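Residues per chain, in single letters:
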Amino acid sequence: MAAGGPDVRKLFIFTTTQNYFGLMLEPWDQSLLYNCVEINNFLDDGNQMLLRVQRSDAGLLFSDTIDFGDTKDKVLVFFKLRPEVITDENLHNNILVSSMLESPINSLYQAVRHVFAPVLLKDQEWSRNFDPKLQNLLSELEAGLGVVLRRSDSNLSKLKLKEDDMRGILTPSDEFQFWIEQAHRGNKQISKERAGYFKELFETIAREFYNLDSLSLLEVVDLVETTRDVVDDVWRQTEHDPYPESRMLHLLDIIGGSFGRFVQKKLGTLNLWEDPYYIVKENLKAGISICEQWVIVCNHLTGQVWQRYVPHPWKNEKYFPETLDKLGKRLEEVLAVRTIHEKLLYFLPASEEKIICLSRVFEPFNSLNPVQYNPYTEPLWKAAVSQYEKIIAPAEQKIAGKLKNYISEIQDSPQQLLQAFFKYKELVKRPTISKELMLERETLLARLVDSVKDFRLDFENRCRGVPGDASGPLSGKNLSEVVNNIVWVRQLELKVDDTVKIAEALLSDLSGFRSFHRSAEDLLDQFKLYEQEQFDDWSREIQSGLSDSRSGLCIEANSRIMELDPSDGSLKVHYSDRLVILLREVRQLSALGFVIPAKIQQVANIAQKFCKQAIILKQVAHFYNSIDQQMIQSQRPMMLQSALAFEQIIKNSKAGSGGKSQITWDNPKELEGYIQKLQNAAERLATENRKLRKWHTTFCEKVVVLMNIDLLRQQQRWKDGLQELRTGLASVEAQCPLTWQNKWEGPEDPLQYLRGLVARALAIQNWVDKAEKQTLLSDTLDLSELFHPDTFLNALRQETARAMGHSVDSLKFVASWKGRLQEAKLQIKISGLFLEGCSFDGNRLSENQHDSPSVSSVLPCFMGWISQGAYGPYSPDECISLPVYTSAERDRVVTNIDVPCGGNQDQWIQCGAALFLKNQ
């Protein structure tokens, strides 16, 4: 210190203090400078390590100890690195300065979080030399201080939660962590459950916000939408006590702050004036979208949806994130500047003058970072924009004429004209160009007036029609009539709004603008009135239906959940499709901003409570009611047991261990167990059906393969394929009814099959020749020569009925071994019959002897059709009706004929007597 001059050390102390506390500049009190004991001790005594400064009503108070009796006051602390006397030389090397706000815990937490942890843990040089154990301790210290800070009670042995204290909630991640901690450390179980519920809701977005800086701008655009849904779910939940309004207000604010800082950080990596336009444009639009969308979310939720939400209404004024909104507008201005620059490049000729003009167009912005919006940078930004406008003024004058010529060429096409103005709206907004395009803007206004008239006419023609009809509102997917109509008119609103916005941006100075604006606003009012009418009509209809038990809108919590309809046997769930539609309507109308009447909301809440179970039960009911259509007809007996077990569960829908009471909607545990039983039974039935259908399909495919085999050249392939089919049938034989097995009838020996096929083909040709000569019925015939002998006998029946003039139903089939049939108009003589189980000599049946063959040939006989009332060749008492099979396997019946037996028919039934045709 120079002799007689001021003490530099004390000047440092006082200047720092004065700046920190924001004191007015005033001459120093020399006595205070030199006579303050605490200051002198700190500077002149090496053992005095600390000097505390605190402001009070009496002025500045200096002390050599820390005493935080009142933590509300700001505190400034000077302390030494080394125990030395302070001199001019070591003044700036030995003194550290720190401030404390609110509390020492908060100050330490913020210092660790923002200063020491990033330096010691993330900086490569420091972290490499920092002991890993100490790194962990530092991380734990930061986390622990955060926990303490999020709890407001200063008595650390009894940390209690105060939800309206948000001093430690600085980022969305802090809020999410708060509920995680409360879910684990809450004092009451109900508080833990509530915190756990909020924790689970926030988990949807917690990871994204924790890693926010690693996301792209487009990813955060999607995150805004997801965040909106999450905070809406948090506010509207009714499972627990509501989320505090002050806390939600703070959360919306810090989320907006996080989005704003993210946008600034991402855009700060670009050179917004020199990077390629398409890159700058894409990033700026994404940043603008983030800002705009969050502003819209806050306005919509706190200004409309939550204010109308009866269970938990928003009581304060709507929240408007002003800083984020102004950041978005700043980004729009930056984009407008770059866009105008691109348009100038497009319209101006590639001359030296152009290069000179545009090379210095961004000079006013060189000293500014345009994404750093705050009240201090706003005047500087406006001054830079003003300078920029002066620079581009000559260029604007030159391109005004070119733009005028371009627009004049397309002004006869309204659509092209609108597109051109929209494309070059940044240029058209410029005063010089706007004045030059006065006539063209008048033309555009006339086109917009016409478009509003068209919108009005379209609305008036369609508003009373049925959605989807040519004269009704346009129809959307999965929308009920009321929602469809409101969505349709909202789309018209958007079109009119867009028209108004274009006019306001480009045409507001024209004389016809006010008339146009009034007309557009009047149409928008009509749209609003139509919306409200649609909603009011829907409300009245639903409330009327609530008092009508047949409307399907009533659900009793203690009513049966489902039952079998006695009229048609179908399974019906006592939860109507109308209720499902009502839930969707309530959800969609709420999202559209309508306040649902309390009575309807109450019914919707009850229906929503059971909706999940009802949908599952409806799926089960649909399966039960349609499973018969999914089964193959011949396989139904194979699934009988599973189907009966499933039906038994439906019929025995009893609750409790004794099964004395019916399961109802208000018994969730019993209902869940019953649904699980139904699903398991349905799954077993469906699995079995799928397995059987697969077997059926597989067998079909194998049969098709067999049908394409050449039996003469590929006998082994036939046998192999046949063996595969046998193996498959054997695997399901225990379940297979005969009706299904018969589907797979066919030859096992290909040579036998071919011989039979050739023999029948030759015999058929012989039959054809006899028929042409009209000698067929006079010859002896062998029915085994036919592929379908039953068809031949039916043809004989029809021909006989025609000859007799009778109906076919009035005839009966008879056979005679006595000679020709006197009563038959047409008859045939048949040979080639065989008898099994007994013997026949042409007169009567007789028992086989021990040396008799098991199968014996039968004498030829006459067969024909006679009238039901006519007497046959034998008395009914002395005959037995025996079946005639196509083969000894007795698998297909051709007909039945009466054979004389001498009486005692039971004897021949017991011995298994039957006739069959000769094998070919």
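Everything below is about the structure shown above.
Please read all numbers here as calculations on a predicted model, not as lab measurements.

Draft legend 1. Structural detail: helix 8 (residues 172-185). Its 14 residues place the ends of helix 8 20 Å apart at the C-alpha level, agreeing with the 20 Å of an ideal helix rising 1.5 Å per residue. Along helix 8, the residues classified as buried are Pro-172, Asp-174, Glu-175, Phe-176, Phe-178, Trp-179, Glu-181, Gln-182 and Ala-183.

Draft legend 2. Main features of unusual backbone geometry. Phi angles above zero are rare outside glycine, and Gln-774 is one such case at about 60°. As for its position among the elements, Gln-774 is in the loop between helix 28 (750-772) and strand 9 (780-782).

Draft legend 3. Representation of helix 19 (residues 438-462). Here helix 19 spans 36 Å end to end across 25 residues, near enough to the 36 Å set by a 1.5 Å rise per residue. When helix 19 is considered as a whole, its buried residues turn out to be Glu-440, Arg-441, Thr-443, Leu-444, Leu-445, Leu-448, Ser-451, Val-452, Phe-455, Arg-456, Phe-459 and Arg-462. Residues of helix 19 that are buried in the fold lie against helix 15 (377-408), helix 16 (414-423), helix 17 (425-428), helix 18 (431-436), helix 20 (481-506) and helix 21 (513-545).

Draft legend 4. Up close: the sheet that holds strand 19 (residues 914-917). Strand order in the open sheet formed by five strands is 15-12-19-17-18, with mixed pairing between adjacent strands. Lying at the two open borders of the sheet, with one neighbouring strand each, are strand 15 (855-857) and strand 18 (893-900). Taking each pair of neighbouring strands and ignoring which way they run, the sheet shows an average axis angle of 30°. Sheet topology places strand 17 (residues 879-885) next to strand 18; seven bridges connect them, and they run antiparallel. Counted as the bridge partner of Cys-879 is Pro-900 from strand 18.

Draft legend 5. A look at the environment of Gln-304. Take Gln-304: it is sitting in helix 12 (residues 277-305). What makes Gln-304 partly exposed here is its relative accessible area of 32%. It is 8.2 Å that separates the C-alpha atoms of Gln-304 and Lys-318, two residues lying 14 residues apart in sequence.

Draft legend 6. Summary view of the state of the cysteines. Inspection of the entire model under this criterion finds zero disulfides. Of all cysteine sulfurs in the structure, the one in Cys-911 sits closest to Cys-838, which takes part in no disulfide; the separation is 4.8 Å. Look at Cys-838 and you get buried, because its relative accessible area is 1%.

Draft legend 7. Spotlight on the packing of helix 20 against helix 21. Running from N to C, helix 20 and helix 21 point in directions that differ by 165°, and their axes come no closer than 10 Å. On the basis of the axis angle, helix 20 is roughly antiparallel to helix 21. Read as a crossing pair, helix 20 and helix 21 show a hand that is left-handed. Partitioned by chemical class, the residues of the contact of helix 20 with helix 21 number 17 nonpolar, four polar and six charged.

Draft legend 8. Fine view of the pattern of salt bridges. Evaluated as defined, the whole model comprises 25 salt bridges. In this structure, Glu-84 engages Arg-82 in a salt bridge whose closest nitrogen and oxygen atoms are separated by 3.4 Å. Taken together, the shared-partner salt bridges in this structure form one network comprising Glu-225, Arg-228 and Asp-229.

What counts, and where the lines are drawn
Residue indices begin from 1 for each chain and proceed along its sequence in written order. Confidence filtering applies because this is a predicted model: local features only for residues at pLDDT of at least 70, side-chain atom pairs given and counted only at 80 or more, and all residues used for totals across whole chains, interfaces and linings. Side-chain calculation: all heavy atoms of the structure are included, whereas hydrogens and water are not. Put simply, DSSP H or I for four residues or longer makes a helix, DSSP E for two residues or longer makes a strand, and each gets a number counted from the N terminus. The span you would expect from a helix comes to 1.5 Å times its residue count less one. Relative accessible area decides the class of each residue, using a 1.4 Å probe on protein chains only: under 20% of the type maximum gives buried, over 50% gives exposed, and in between gives partly exposed. Here, two residues are considered to be in contact whenever any of their heavy atoms come within 4.5 Å of each other. A pair of strands is treated as paired once DSSP finds two or more bridges between them. A fitted line through C-alpha atoms serves as each axis, taken over the contacting stretch for helices, and the angle formed by two N-to-C directions is quoted from 0 to 180°. Note on terminology: disulfide denotes any pair of cysteine sulfur atoms within 2.5 Å. The cut-offs work like this: below 35 degrees is roughly parallel, past 145 is roughly antiparallel, 65 to 115 is roughly perpendicular, and the gaps in between are oblique. The handedness criterion is simple: a crossing whose near helix is rotated anticlockwise from the far helix by less than a right angle is left-handed, and one whose near helix is rotated clockwise is right-handed. Residue polarity follows a fixed list, in which Ala, Val, Leu, Ile, Met, Phe, Trp, Tyr, Cys and Pro are nonpolar, Asp, Glu, Lys and Arg are charged, and the others, Gly among them, are polar. Salt bridge, as applied in this entry: a Lys or Arg side-chain nitrogen positioned within 4 Å of an Asp or Glu carboxyl oxygen.

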